[in-house]
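Here is what each chain is made of, one letter per residue.
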Amino acid sequence: MSRAMQCQSCLPWGSWAQLPRSLAGSRGTRSVSVCAAAVPGPAGRCFLRRILCTSSIFLPRGSVRYQGDFQEISAQPGSSRHGQSQLRNVASSGAIKKHQKSLSAWFSHQPNEERQFGPSFSLDAVHVDPVIRESSLEEILKPSPDLTIQNQLQQPCRKVISLNNLFDVDACGRQVKNVVLYGTVGTGKSTLIKKMVVDWCHGRLPHFELVIPFSCEDLSHSHAHVSLRRLITKKYQHLRDVVPVLEASNLRVLFILNGLERLNLDFRLAGTELCCDPNEPVPPSAIVVNLLRKYLLPEASIIVTTRPSAVRRIPGKYVGRYAEICGFSDTNLQKLYFQMRLSQPGCSGEESQHRSSAEQENLVEMLSRNLERHNQITAACFLPSYCWLVCTTLHFLYFTRTVPPSQTLTGIYTSFLRLNFSGEVLDSTDPTHISMMKYAAKTVGKLAYEGVMSRKTCFSEEDLRQCFEVEMKTESELNLLEVFRSDVFRFFLSPCVQPGKEHTFVFTIPAMQEYLAALYVVLGEKKTLAQRVGKELSEVIGKVSEDVAVVLNIISKVLPLRFLPVLFNLLKIFPRYFSRVSGKDKDAIAHTMAEELFKEEDYYNDDVLDQINSSILGVEGPMRHPDEAPDDEVFELFPIFMGGILSRRNRAILEQLGCSIKNLAAFEIAKAMKKTVIRKGRKGLPPSELMDYLFFLHEFQNERFAAEAVRSLRAVNLSSVKMTPLKCSVLASVMSTTCHEVEELNLTSCNLDSGSLRTLFPVLLRCKALHLQLNSLGSDACKEIRDLLLHDKCVVSSLRLANNPVGEQGARYLAEALAGNRSLTQLSLLHTALGDPGAEAIAQHLAQNQHLQELNLGYNSLTDTAALRVVEVAKRHETLDKVHLYFNDISEDGKRALDSLRMDRDGVRALVFLTAGTDVSDYWSHILNVVQRNLPFWDRERVRQHLALLLQDLESSRSQTANPWRKAKFLRVESEGSRETRCPSCKC
């Protein structure tokens, strides 16, 4: 290992901070094209690959200049007029127009991940060109001395070139024929090529008369010899009449070779023979080599896209221009991208268009302010693919009205990685053919996991060396590490922007650290030294066991060594024993998940969805002082991602990325989780932690497991959790896994509206006690509640709607519900702005109800008439026992009338004042407790006036009694009431 490290010190890329600069800054004006979809870099790599393999493209002649740093080969002057005439006939044929139409229709089919932006979002709607910087081979091979984001943002604009100028003459005035367009993972190479093809298809790229794109991945899978003519017609049938005259004409042709890193090219004459005949069958790699050599179709222009590590595979003498895609190195481009993506019509769905439009504008404004702070998100959004992830996450958080079973946060991150990596191998020349994602899970995942365990998000170069370089033993491993550093490293890690930490690294998106840590654990990469050695020894013994058994059987027949088979049989026990011991790893994974999910130190943090929202949009308010101690890092997404990765859909996607998680392993982990996760979930959890637990069950996507977990939750307390449409959908989805009745559902102060109630309708039906206080529920929401209470499966017995703007119309809906409901026994409408009309509507329908036992109409500005009307109806009610009327505008005459009704009642108790004649009311403490709980939400001046009236009534009643015991009770109640009067803003 030490020798390997010595070899590494000789590698050209130096220290971790000396990575080749790929995020070159640009403060100049950039062009923006509103014409093609901005799916992440290889966002549609698989999608693009299908297009490159199935379509032909042809447009009328345009004009363009070509240049290159190789010797120009002039076009053959002897092109036949017959061939040109035939070509013009083909170009003007209706078949080409049909092909262009079908090509446009094909590009309109978006990946599933893209469709969540609404039906109005199309591939022709939005595209922001990334910064393209002219480079050179020397600059590519020379490492940059620094990689701080601040330097990149402050760097002056230099050598920026547009896509349309890639084939302009170079600095020496030579024509460019071959262009190498390179960039790291996520910078937008594939998207840029898609845009180029779409532009040409729609007549926006007139420089070329014919564009022929090829996927190098597709070519790498073809081992049979094939001619260039056959290769083109096989991929693009519409060009079968054009190919025969391709060489003889002066047709301006552009070949696009996307993903050159997939091909192993050999430019030596001994390795790849010369070929100038388009009809000669040769290996596909030989066709590419001879096209780049300009030996085959010398007049054709070629643009090659590749990752930085594969740039040197093409000798410099065959390249006219190197161009680097630097992503959105200008923050103005980032803002423009977000403005376009988040402001698309239909992005927020069809309902509540006006409100959603305002919410979209607010999101864009908050995101723009966060970018202006040069926050860590600015560094992340250098990569267009991360801009896509930010928009997708915001869409998931804000515009998800209903959650399909397959739509999870883990699914978004898994699909995001599939769109960027698409199962690509890290190095096609390496015999192991390890996928990029598998390599990242083993290395970056280890760094992420160790950071989570030590609650750390910033990593020094020493931390990186410990995770990446310590176990390097062979030349192959060092080569893979070099390729990873060059092509993939900046996709996951970027320099920290916090003052004083410029030379440390953080994960580009904070949640990505937790995702990779979860993947590292679930894949079983977290092993002790004994486990690693035991596994290797078990594999060796298992491989040689059969051969050794045959040899020992032969020897035992010749020699009297009967103990040898016995020893060998004992040796064969080891693999079976090790497999049983290794099965304990699944228990360890489940234990880790449970421990991280129910950490008591995280109990009173915001729920994870709010944490993600804050990480993207920032926290409004004054910025933290540099000398102020930072808050402890929170990693509550880590166990949730562990559960999400185990879902069937995510495991299928990870299988495509080379990260295999077997069904048996997932089953054993889920089985072990029942012993830990469900048992700990039964304990009382704070509201935010309970929301995280429900979100974990949603991400896990295991209905049987979720049903068993939900059955153990007899009461669900989510008070003060901001219940966004997404959270309501998650709650409804998880609770729908079982049909058991819920004893209590507390949604107090949860920002609910009528849409929330509509989403939660199936859950609310099964709740016996329903707390909906402090939610700004108006008449529209009361209409939903009416439908709920009139449903034949409704079991709600206690409904609390205090401190909601119900109003007169809402009261009418609730009165209709009272008339037909058979389950409700307690209804609280405390401080709901009913007024006399609302109380009258309830009184009219109250007689038709036969089950209500308690009705609270306190603090509703009721006058004597309405109060008396309600109590008179209540007297005749069969079951109604208690009516709350305190803090209403009831006069002394009204009080006496109510008191006479109370004396003459047939079982109803009207709670109006703290006194009952010359005695203290039995419910004085209840009334004062109600005041104390609701003081923060009530008009304090009005409450003070009401309390003063209550105190006057207490003093009057105390003076009328001679009983010392009663006087003492009066004094005690006066003391409590006086405290509330003196200090209405606190609970002391």
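Bear in mind that the values here come from a model prediction, so they are computed numbers and not experimental data.

**Student:** I would appreciate a short explanation of the overall build of the protein in the present structure.
**Tutor:** Helix and strand counts for the protein stand at 39 helices and 18 strands. For the protein, buried positions account for 56% of its 988 residues. Summing over all exposed atoms, the protein offers an accessible surface of approximately 42500 Å²; the carbon and sulfur share of this is 51%.

**Student:** Please explain the pairing of strand 10 (residues 742-746) as it appears in this structure.
**Tutor:** Side chains on a regular strand alternate between the two faces of the sheet. With 3 bridges connecting them, strand 9 (residues 715-717) and strand 10 associate as parallel partners. Among the inter-strand pairings, Asn717 is bridged to a residue of strand 10, identified as Asn746. Summarising the sheet, strand 10 and strand 11 (residues 767-771) pair through 4 bridges and their orientation is parallel. Residue Leu745 lies in a different strand from strand 11, and its bridge partner there is Leu770. In this fold, the crossover linking strand 10 to strand 11 by way of helix 31 (residues 754-764) has right-handed handedness.

**Student:** What am I meant to see in the packing of aromatic side chains here?
**Tutor:** Where two aromatic rings form a pair, the distance of their centres and the angle of their planes describe that pair. Scanning all chains against the criterion turns up 26 aromatic pairs. A centroid spacing of 6.4 Å and a plane angle of 70 degrees characterise the contact between Phe468 and Phe489, whose relative ring orientation is edge-to-face. Of this pair, Phe468 sits in helix 17 (residues 461-468) while Phe489 sits in helix 19 (residues 489-492), placing them 21 residues apart in sequence. Through pairs of rings, three or more aromatic residues link up here, namely Tyr386, Trp388, Phe416, Phe421, Phe491 and Phe492.

**Student:** Just to check I follow, could you spell out the sheet that holds strand 3 (residues 210-215) for this structure?
**Tutor:** Backbone hydrogen bonds are what pair the strands of a sheet, in a parallel or an antiparallel way. Across the sheet, 6 strands lie side by side as 1-6-2-5-4-3; this open sheet has mixed pairing. The strands lining the two open edges of the sheet, one partner per strand, are strand 1 (131-135) and strand 3. Ignoring strand direction, the axes of neighbouring strands in this sheet form an average angle of 20 degrees. With 5 bridges connecting them, strand 1 and strand 6 (residues 321-327) associate as antiparallel partners. Paired with Ile132 across the bridge in strand 6 is Ile325.

**Student:** Could you clarify how one ought to interpret the pattern of salt bridges in this entry?
**Tutor:** Side-chain pairing between opposite charges can occur once the charged atoms of the two side chains come close. Overall, the coordinates contain 36 salt bridges when judged by the stated rule. Two residues, Arg262 and Glu217, come together in a salt bridge whose shortest N-O distance is 2.8 Å. Residue Arg262 is located in the loop between strand 4 (253-258) and helix 10 (284-292), and its partner Glu217 is located in helix 8 (residues 216-220); the two are separated by 45 residues in the primary sequence. Among the salt bridges present, the one from Glu741 reaches Lys768, with a minimum N-O distance of 3.6 Å. With Glu741 in the loop between helix 30 (725-735) and strand 10 and Lys768 in strand 11, this residue pair connects regions lying 27 residues apart in the sequence. Because the salt bridges share partners, they merge into one network encompassing Glu217, Glu261, Arg262, Arg307, Glu424 and Asp487.

**Student:** How should I be thinking about the packing of helix 34 (residues 835-846) against helix 35 (residues 864-875) in this particular structure?
**Tutor:** Relative orientation and spacing of two packed helices are given, respectively, by the angle between their axes and the distance between those axes. Running from N to C, helix 34 and helix 35 point in directions that differ by 15 degrees, and their axes come no closer than 9 Å. In terms of their interaxial angle, helix 34 and helix 35 are classed as roughly parallel. Both helix 34 and helix 35 take part in a crossing whose hand is left-handed. Along its contact with helix 34, which presents Asp836, Ala839, Glu840, Ala843, Gln844 and Leu846, the element helix 35 presents Ala866, Arg869, Val870 and Val873.

**Student:** What am I meant to see in the environment of Met673 here?
**Tutor:** Positionally, Met673 belongs in helix 27 (residues 663-681). Here Met673 falls in the buried class, since its relative accessible area comes to 0%. Sequence separation between Met673 and Lys586 is 87 residues; the distance between their C-alpha atoms is 9.0 Å. Beyond its immediate chain neighbours, meaning those up to four positions away, Met673 contacts Ala590, Met593, Leu646, Ile678, Phe696, Phe700 and Phe705.

**Student:** Is there a simple way to explain the packing of helix 27 against helix 28 (residues 687-700) in this structure?
**Tutor:** Two numbers describe how helix 27 lies on helix 28: the axes approach to 12 Å, and their chain directions differ by 160 degrees. By the criterion of interaxial angle, the relationship of helix 27 to helix 28 is roughly antiparallel. With respect to the hand of their crossing, helix 27 and helix 28 are arranged in left-handed fashion. Residues Ala670, Met673, Val677, Ile678 and Gly681 of helix 27 touch helix 28, and the partners they reach there are Tyr693, Phe696 and Phe700. Looking at the contact of helix 27 with helix 28 residue by residue, the class counts come to 7 nonpolar, 1 polar and no charged.

**Student:** What am I meant to see in the environment of Tyr322 here?
**Tutor:** With respect to the helices, strands and loops of the structure, Tyr322 is situated in strand 6. In sequence terms Tyr322 and Leu166 are 156 residues apart; their C-alpha atoms lie 9.0 Å from each other. Ignoring sequence-local partners within four residues, the contact set of Tyr322 consists of Arg133, Glu134, Ser135, Ser136, Leu137, Ile140, Val180, Tyr182, Val311, Ile314 and Gly316.

**Student:** Help me understand helix 32 (residues 779-790), please; the structure alone is not making it clear to me.
**Tutor:** Residues spaced three or four apart along an α-helix point in a common direction, a consequence of the helix completing one turn every 3.6 residues. Its 12 residues place the ends of helix 32 16 Å apart at the C-alpha level, agreeing with the 16 Å of an ideal helix rising 1.5 Å per residue. The secondary structure elements touched by the buried residues of helix 32 are helix 31, strand 11, strand 12 (798-800) and helix 33 (807-820).

**Student:** Can you help me understand the confidence of the model for the protein in this one?
**Tutor:** Fine structural detail should not be taken from predicted coordinates in areas where pLDDT scores are low. Averaged over every residue, the pLDDT of the protein is 77; the share at 70 or more is 68%. The element-level mean pLDDT for the protein is lowest in helix 1 (residues 2-8), coming to 41, with strand 5 (residues 301-306) highest at 96. pLDDT under 50 marks residues 1-14. Its contacts with residues more than four places away, or in other chains, come to 21 contacts. In the model, residues 577-583 has pLDDT below 50 throughout and makes 4 contacts with residues more than four positions away in sequence or in other chains.

Rules used throughout
Residues numbered from 1 in each chain as written. Predicted model: local features only at pLDDT ≥ 70, side-chain atom pairs only at ≥ 80, totals over all residues. Heavy atoms only, no water. Helix = DSSP H or I, 4+ residues; strand = E, 2+ residues; numbered from the N terminus. Buried < 20%, exposed > 50% of the residue type's maximum accessible area, 1.4 Å probe, protein only. Areas by Shrake-Rupley, 256 points an atom, 1.4 Å probe, with all protein chains shown as cover. Pairing = 2+ DSSP bridges. Right-handed = clockwise from strand over helix to strand, strands pointing away. Phe/Tyr/Trp six-rings, centres within 6.5 Å; stacked < 30°, edge-to-face > 60°. Axes fitted to C-alpha atoms, helices over the stretch in contact; angles between N-to-C directions. Salt bridge = Lys/Arg side-chain N within 4 Å of Asp/Glu carboxyl O. Parallel < 35°, antiparallel > 145°, perpendicular 65-115°, else oblique. Left-handed = near helix turned anticlockwise from the far one by under 90°. Contact = heavy atoms within 4.5 Å. Nonpolar A, V, L, I, M, F, W, Y, C, P; charged D, E, K, R; others polar. Expected span 1.5 Å × (residues − 1). pLDDT = per-residue confidence, 0-100.

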